[in-house]
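Geometric and topological summary
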Amino acid sequence: MPSLDILPQLIVNGLIAGSIYALAASGFSLIYYVVKFQYFSHGAVMAIAAYSFFAFANLMHLNYILAAVLTIIISIAVTLLKNLLVYKQLRKRKATPTISLITSVVVLIFISSLLLAIFGSSTKTISFYNKTFDFEIFTITLIQLLIIISALILFLFLWFIFKKTKLGKSMRALADNKDVAQVVGINPEKIYIYTFIISAVFGAIGGILLGLEQNLYPRMGIPIIIKGFIGSVVGGLGSVPGAIVGSLFIGLAENVGVLYLPTGYKDVISFSVLLLFLLFRPQGILGVKMRDT
């Protein structure tokens, strides 16, 4: 039998990984919910944020707070540029979901290749004072604590926008029925812009935290958005709260699974969970089962 002494540490590790996955999943799921396409290039935003923060903090030696603010601004600018040059054009042409999906993947790979050309293939590390806190049954670093706290604050912020603001009501109305939303005076393109901005903020902060916790490499956005997508499906594709819950579930499953499997099997665990949900509960944890018509 595996030792349960490390279980508290594995749970903490799972919450840390799940929080990062959830930041990717929430940005992905938010765009899917409002704009109605699978936004895989959100992973590229996280990679750009990680490298931008590295450039500002390590290469230019700027204050960490200033570096973070500039990184968020760049992430928003890149996201709005992608929307203007690519996704808005697809909407004008009434592109099919398949075309939008393929385009999003192409943008993800293109930006990853661009990062490779600019920064090279060698891994980079963001220098940051990282204190370790020992609570006897588990340890956690300052960066890992920041990941959990930042994710919690952002999720509460997103809940507030959705439930307590006019923008949130417009986003929900647009997601439910675009034609009716337009009849009552909601401008879809305006709401889409705000939605992309919110997703960019999540991507920027997620990318910064990911870069602080792990090494940077040009294609780092690809595996993180895949885990975010898995979390979205497990939680309920199209449900932003579901994406967060699903991502935390995947993070916990991967790390607690280490009790029984080698650490190299984490990806096997996450994809196995995805397959089981697709087979037996395709609507996800918080999703609503659709009736056949």
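Please read all numbers here as calculations on a predicted model, not as lab measurements.

A word on unusual backbone geometry. Positive phi, close to 55°, is recorded for Lys-94, a residue that is not glycine. The exposure class assigned to Lys-94 is exposed, which follows from its relative accessible area of 71%. If you check the backbone angles, Glu-136 has positive phi at about 70° while not being a glycine.

Looking now at the pattern of salt bridges. Summed over all chains, the structure comprises three salt bridges. Between Glu-189 and Arg-91 there is a salt bridge; the shortest N-O distance is 2.8 Å. Here Glu-189 is found in helix α8 (residues 188-213), whereas its partner Arg-91 is found in helix α3 (residues 64-92), with 98 residues between them in sequence. Overall, Arg-91 belongs to the buried group, its relative accessible area being 19%. With its nearest N and O atoms 2.8 Å apart, the salt bridge here joins Lys-227 to Glu-254. Note that Lys-227 is positioned in helix α9 (residues 221-235) and Glu-254 in helix α10 (residues 240-256), a separation of 27 residues in sequence. For the residue pair Lys-227 and Glu-254, the accessibility class agrees, reading buried in each case. Taken together, the shared-partner salt bridges in this structure form one network comprising Lys-227, Glu-254 and Asp-267.

Here the distance between the centres and the angle between the planes together describe a pair of aromatic rings. If you walk through the whole model with that rule in mind, you get 15 aromatic pairs. With centroids separated by 6.5 Å and ring planes inclined at 25°, the aromatic side chains of Phe-155 and Phe-202 adopt a geometry described as stacked. Taken together, the positions of Phe-155 in helix α5 (residues 142-164) and Phe-202 in helix α8 put the pair 47 residues apart, joining distant regions of the chain. When sorted by exposure, Phe-155 lands in the same class as Phe-202, which is buried. Through pairs of rings, three or more aromatic residues link up here, namely Phe-37, Tyr-39, Tyr-87 and Phe-196.

Reading the values: rules and limits
- Residues numbered from 1 in each chain as written.
- Predicted model: local features only at pLDDT ≥ 70, side-chain atom pairs only at ≥ 80, totals over all residues.
- Heavy atoms only, no water.
- Buried < 20%, exposed > 50% of the residue type's maximum accessible area, 1.4 Å probe, protein only.
- Salt bridge = Lys/Arg side-chain N within 4 Å of Asp/Glu carboxyl O.
- Helix = DSSP H or I, 4+ residues; strand = E, 2+ residues; numbered from the N terminus.
- Phe/Tyr/Trp six-rings, centres within 6.5 Å; stacked < 30°, edge-to-face > 60°.

Taken by themselves, the reported measurements are silent on function.
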